[in-house]
Amino acid sequence: MEIKICPKCKKPLEPRDYVRSGASLVGATDPRIKCKKCGYLGLLIVLSDEELT
C-alpha cells in the first residue's frame, strides 16, 4: 500500500484531499496535484508501508 503525503503541510492525503492540476493527454497524465488542505501545487511524496516500518 502506498501513502501519499503533501510536502508542504506534511499530512497524509486521501484522493479526496487533492486534485490533479494538469490536463491528461492520451496515454500520459500530469503527476502534479493541488492539495485542498494547504493549496500546495506540485508533486506528492509517495511512501510504501515497507519504508515506514
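Got a minute to help me understand the sheet that holds strand β4 (residues 33-35) in this structure?
By definition, the strands of a sheet pair up through backbone hydrogen bonds, in either a parallel or an antiparallel sense. Across the sheet, which stays open at both edges, the three strands sit in the order β3-β4-β5 with antiparallel pairing between neighbours. Only two strands of the sheet have a single neighbouring strand rather than two, namely β3 (18-20) and β5 (41-42). Direction of pairing for β3 relative to β4: antiparallel, over a ladder of three bridges. By the bridge assignment for β4, Val19 is matched with Lys34.

How do you make sense of the sheet that holds strand β1 (residues 2-5) when you look at a structure like this?
Here three strands make up an open sheet; going across it, the order is β2-β1-β6 and the pairing antiparallel. At either margin of the open sheet sits one strand with a lone partner, and together these are β2 (12-13) and β6 (45-48). Inspection of the sheet shows β1 paired to β6 by four bridges, in the antiparallel sense. Looking at the pairing, Ile5 lines up with Ile45 of β6.

Teacher, can you tell me more about the pairing of β1 here?
Successive residues of a regular strand alternate their side chains across the two faces of the sheet. Of the pairings in the sheet, the one linking β1 to β2 comprises two bridges and is antiparallel in character. Of the residues in β2, the one forming a bridge with Ile5 is Pro12.

Any chance you could explain the pattern of salt bridges here in plain terms?
Opposite charge on two side chains permits them to pair, given that their charged atoms come into close proximity. The full count for this structure, using the stated rule, is one salt bridge. Linking Lys37 and Asp17 is a salt bridge whose minimum nitrogen-to-oxygen distance equals 3.8 Å. Separated by 20 residues along the polypeptide, Lys37 in the loop between β4 and β5 and Asp17 in the loop between β2 and β3 bring together distant segments of the chain. The buried category is assigned to Asp17, whose relative accessible area is 14%.

How should the confidence of the model for the protein chain be read in this particular structure?
The predicted structure's coordinates, where accompanied by low pLDDT, should not be read in detail. Predicted confidence across the protein chain gives a mean pLDDT of 82, with 75% of residues reaching 70 or more. Averaged pLDDT values for the elements of the protein chain fall to 66 in helix α1 (residues 49-52) and rise to 92 in β5.

Quick notes on the rules
- Residues numbered from 1 in each chain as written.
- Predicted model: local features only at pLDDT ≥ 70, side-chain atom pairs only at ≥ 80, totals over all residues.
- Heavy atoms only, no water.
- Pairing = 2+ DSSP bridges.
- Helix = DSSP H or I, 4+ residues; strand = E, 2+ residues; numbered from the N terminus.
- Salt bridge = Lys/Arg side-chain N within 4 Å of Asp/Glu carboxyl O.
- Buried < 20%, exposed > 50% of the residue type's maximum accessible area, 1.4 Å probe, protein only.
- pLDDT = per-residue confidence, 0-100.

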